[in-house]
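Observations on the model geometry
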Amino acid sequence: MPQVFKVGGYWIYFWTNENKPLEPVHVHISKGNPVPNATKIWITSKGKCYLCNNNSKIPEHILRNIMRLIEARSEEVLEMWKEYFGETKFFC
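In short, a report on the structure.

What counts and what doesn't
Residues numbered from 1 in each chain as written. Predicted model: local features only at pLDDT ≥ 70, side-chain atom pairs only at ≥ 80, totals over all residues. Heavy atoms only, no water. Helix = DSSP H or I, 4+ residues; strand = E, 2+ residues; numbered from the N terminus. Buried < 20%, exposed > 50% of the residue type's maximum accessible area, 1.4 Å probe, protein only. Pairing = 2+ DSSP bridges. Axes fitted to C-alpha atoms, helices over the stretch in contact; angles between N-to-C directions. Contact = heavy atoms within 4.5 Å.

**Quick notes on the environment of K57**
Note that K57 resides in the loop between β5 (49–53) and α1 (60–72). For K57, a relative accessible area of 67% gives the class exposed. C-alpha separation for the pair K57 and K6, spaced 51 residues apart in sequence, amounts to 17 Å.

Structure (structure tokens):
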């Protein structure tokens, strides 16, 4: 899985086996190695984050801080998404 970045023990990454058609831009978050069905965060065209699910059961205060970091680095995340998947579409 392409790692976008790490925060402490949490991986922020893309899942390589995305659906066809490709889902809107999002990242997954898990503690430790990437896993299927981890926490999913949608990223908007304006660089904001929306929680899709918290399947990894990340504590709320930690998840909020990670989401702030993703928003701060959203341009980088969007560039990495386009480079890896070859296209970009947004949830909103």
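And the narrative resumes.
**Notes on the sheet that holds β5**
Spatial strand order, β1-β2-β3-β4-β5: 5 strands in an open sheet with antiparallel pairing. Edge strands, defined here as strands with exactly one partner in the open sheet, are β1 (3–7) and β5. Neighbour-to-neighbour, the strand axes of the sheet open up by a mean angle of 25°, direction not taken into account. In the sheet, strand β2 (residues 10–13) pairs with strand β3 (residues 26–31) via 4 bridges, with the strands oriented antiparallel. Bridge pairing in β3 links I12 to I29. Contacts from α1 reach β1, β2, β3, β4 (39–43) and β5, with the element oriented near 135° to β5. Packing of helix α2 (residues 74–85) onto the sheet brings it into contact with β1, β3 and β4, and relative to β1 it is tilted by some 145°.

The values reported here are purely geometric and, on their own, carry no functional implication.
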